[in-house]
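# Report on the structure
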Amino acid sequence: MKEYVLVPAAEQDNAYDYNPAWEPGPCVGLGVCCCCAALRPRYKRLVDNIFPEDPKDGLVKADMEKLTFYAVSAPEKLDRIGAYLAEKLSRDVIRHRYGYVFIAMEALDQLLMACHSQSIKPFVESFLHMVAKLLESGEPRLQVLGTNSFVKFANIEEDTPSYHRRYDFFVSRFSAMCHSCHDDPEIQNEIRIAGIRGIQGVVRKTVNDELRATIWEPQHMDKIVPSLLYNMQKTEDADSRIGPPSSPTGGDKEENPAVLAENCFRELLARATYGNMNNAVKPVFAHLDHHKLWDPNEFAVHCFKIIMYSIQAQYSHHVIQEILGHLDFRKRDSPRVRAGIIQVLLETIAIAAKGSIGPTVLEVFNTLLKHLSLSVDFELGTKSGSSGHIDTRHTKECEEKIVQNAIIQTIGFFGSNLPDYQRSEIMLFIMGKVPVFGMTAHSAENDQLGFLGTRRIQIMLLRSLLMVTSGYNAKSIATALSAPFLDPLLSSSLMEDYELRQLVLEVLHNLIDRHDNRAKLRGIRIIPDVSDLKIKRDKISRQDVSFMKKHGQQLYRHIYLGCKEDDSVHKNFELLYTTLALITIELANEEVVTDLIRLALALQDLAILNEDNLSMFSRCSVMALVAAYLNFLSQMIAVPAFCQHVSKVIETRTVESPYFLPETVFRDKCSLPKTFEKDDKSLFFLMSKIAESLGGSGYSAERLSVPYVPQVTDEDRLSRRKSVVDTVSIQVDILAGNGTEDKVNSTEEITFEALKKAIDNTGLEELEKEKRRLVIEKFQKAPFEEIAAQCESKASLLHDRLAQILELTIRPPPSPSGTLTITAGHPHYQSVPVYEMKFPDLCVY
């Protein structure tokens, strides 16, 4: 029969008060608890035994060993053990009994490390549930505890991955911890470190499984990458690093969130593959945009250096494409932001150019040239705008020039690191982008802006081309100066802007100079002894000989026309002199030397006769150019009689006409003559004496006696300059002794028979001799390419002759009323009777 205890009335008011110090009496324990404890499952009893009475005593190790042995022996009980531990831990977290929470997590960690069976997966679910409970709590200690347990779990390699398991919550929670703003700096630092280590654990756990690629989804990368970059911003002296960023040491990783985040960021990028590279890079742009880190861009440059050194080399072009796309996206932003992005692109290309760049070569140049044109439009739009303060407009113009210089620097650096075959394509690509003002229509209101914009873009593109051609060393000049590239380049040299002509000549120097002799030739001057320059040269190759036969007259023509420009300055003549000297060094044989002498004497006649009404400075500069070049040429070919004649003329000029020498005419303050002394033979280089001195040295005296006349091409009709041949009949004024001995005026009327005779005689003897000597060797030993090149050269020669014939046939025939001719500078009409007119045989019926 049960006994009841009478409760006093005074105690009924507090009958349900909870007393935490209360413990059951021995009777109750023996009568009830002992009986129930015997009926509880063994795993629960083992779990309860690992918790001490006082949490300060820590985990009971002996009982923990029993629990571990039981879990290993009966792995099917792991899920129940985990569920029971999770239940106790949740209850302890709610009651703020943090001591037992630490003991429970320690027990979970030990069980997790000890058990590696198939049954561990349900246990893992309970484990992750408990870690999530800790991360959700607002207690920093529990958040760090949960992170440490998760990191230990992430380092365990599972035999078979669980594809149903997702880590979305952990990504979000760890990312939030990376942005901790706790009041206590030390606690804030601990939480951020824990968040970064948690992200690192998630990456390691998920990134290696190809079928479990959810970590690379944009919604996860948009949280992970900005969280790492947010902590990396505190890295000190990031812009002072040169080369690949150094790996942090173990001590730094544990104490410094910035270094730990950088290490995690590199590890994430190193694991990226072809399909998910873009998802990892795009959040970087969003972070830099949001925090306005493009100006200044030290941190942006540091980030992309880490990216380029961390990813696999074959994926570098993905990063370049993303930067180009972002540059297009921010094309309307301030110039400093665009300049910052371009600077990042330059640093990226500097690393990518050492390895595989991929198919983005033309895309890079096309995008950069597009933004170069856009920047010029912005600059000119700001300059032409009437509103706004003057200082503000000037500041914007200067900033746009910073953008343009950054683009040109990037183009040049990228081009200089390309292989030769790609560089040739880029040179042709840039040359095709150079606009020619007047070829396209402009509206009336934008005509002036269009002219300024075209000129500005021309200068920018030629500067870019100059950067690309720097250091280019082709084995054959025909490779560097192919016809599709040479024709538009030389057409640019006819522009009526001295700065554009300077850039064209500098580009030519980069391509012609294959032995780095340009620095030795810097400065137009009379060189006493050319041998002191120690000029390097090789024997001219057959390919170069073929090139000069095909394009030599084209080069001579543009040098001749360049000297006729009245706006040329000292630098223009200096570059023209260097061009002539480089052609002599790299491409000259006996035939080319003869043509160069003819060109020099034609330039001398240009200055003496002054049919183009040049200024006195231009005329004296041309005379100085001829003197400097013939002095150089005479010492290069080393013909004593020729050297003696050139030296004598230079000595005479030094005494009587120093303004005909470069050392005098190009001084800042030089007194120029008012008129030319045309009758003093000693001041000029004479054709007769030069032909006499070179006749016995293997040079053709007959070819030297023919005055040089530049070819007439379509460029004369397209350009806005006076045509070289603008009269009805061709008249050659030959000065006996090159314009200084006896001036003989002869007018030769061009007929069909005369042209036929000229075609038959000009260069025919030399070609026949060469053909007889090489006819057998050419077809037995010469490669097919050389034979094809010679045939092409002959076809070009015939085409040029036919073009001259057609040019003459379209002119009106002689009229009985008279033909306008110019003799000794005075025009007069010469009547031709009808019966004396000669018609071509094909025109007579």
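Now for a description of the structure that goes with this document. (Residues numbered from 1 in each chain as written. Predicted model: local features only at pLDDT ≥ 70, side-chain atom pairs only at ≥ 80, totals over all residues. Heavy atoms only, no water.)

Attention now moves to the environment of Lys 223. Mapping Lys 223 onto the fold places it in helix H10 (residues 218–232). Residues Lys 223 and Pro 283, 60 residues apart in the sequence, show an inter-C-alpha distance of 8.4 Å. In contact with Lys 223, other than residues within four places in its own chain, are Val 171, Ser 172 and Ser 175. Within polar-contact distance, the side chain of Lys 223 engages the side chain of Ser 172 at 2.8 Å. (Helix = DSSP H or I, 4+ residues; strand = E, 2+ residues; numbered from the N terminus. Contact = heavy atoms within 4.5 Å. Polar contact = N/O pair within 3.5 Å; in protein donor to acceptor, adjacent residues only side chain to side chain.)

This part covers the environment of Leu 500. Within the secondary structure, Leu 500 sits in helix H23 (residues 498–512). Along the backbone, Leu 500 and Leu 462 are 38 residues apart, and their C-alpha atoms lie at a distance of 7.6 Å. For Leu 500, the residues in contact, after removing those within four places along its chain, are Gln 458, Ile 459, Leu 462 and Met 495.

Counted by the stated rule, this structure contains 2 cavities of 30 Å³ or more. Space inside the largest cavity adds up to approximately 130 Å³. If you trace the largest cavity, you find 14 residues lining it, with Ser 493, Leu 505, His 558, Ile 559 and Leu 576 closest to the centre. Going through the elements one at a time, H23, helix H24 (542–563) and helix H25 (570–587) are the ones with two or more residues in the lining of the largest cavity. Across the lining of the largest cavity, the residue classes tally to 7 nonpolar, 6 polar and 1 charged. When its volume is computed, the second largest cavity comes out at roughly 40 Å³. (1 Å grid on protein atoms, 1.4 Å probe; cavity = no way out; pocket = protein on both sides within 12 Å on 5 of 7 lines; lining within 4 Å. Points joined across faces, edges and corners; volume = space filled by probe spheres on them. Nonpolar A, V, L, I, M, F, W, Y, C, P; charged D, E, K, R; others polar.)

One finds Phe 170, Phe 265, Phe 304, Phe 632 and Phe 685 to be the most contacted residues of the largest nonpolar core, which totals 223 residues. Looking at this core, the element that brings in the most residues is helix H27 (residues 616–637), giving 15 residues. Aside from chain neighbours lying at most four places away, what touches Phe 632 is Leu 521, Ile 527, Val 530, Ile 535, Tyr 577, Ala 581, Thr 584 and Ile 585. (Core = buried A, V, L, I, M, F, W, Y, C linked by side-chain atoms within 4.5 Å. Buried < 20%, exposed > 50% of the residue type's maximum accessible area, 1.4 Å probe, protein only.)

Take the packing of aromatic side chains next. According to the stated counting rule, one finds 19 aromatic pairs in the structure shown. Their ring planes at 50° and their centres at 6.2 Å tell us that Tyr 167 and Phe 170 sit as a pair that is tilted. When sorted by exposure, Tyr 167 lands in the same class as Phe 170, which is buried. With 5.9 Å between their ring centres and 65° between their planes, Tyr 560 and Tyr 708 make a pair best called edge-to-face. One end of the pair, Tyr 560, is in helix H24; the other, Tyr 708, is in the loop between helix H31 (701–704) and helix H32 (714–718), and 148 residues separate them in sequence. Summarising the burial analysis for this pair, Tyr 560 and Tyr 708 share the class buried. One aromatic cluster is present, built from ring pairs that chain together Phe 127, Phe 150, Phe 153, Tyr 167, Phe 169, Phe 170 and Phe 174. (Phe/Tyr/Trp six-rings, centres within 6.5 Å; stacked < 30°, edge-to-face > 60°.)

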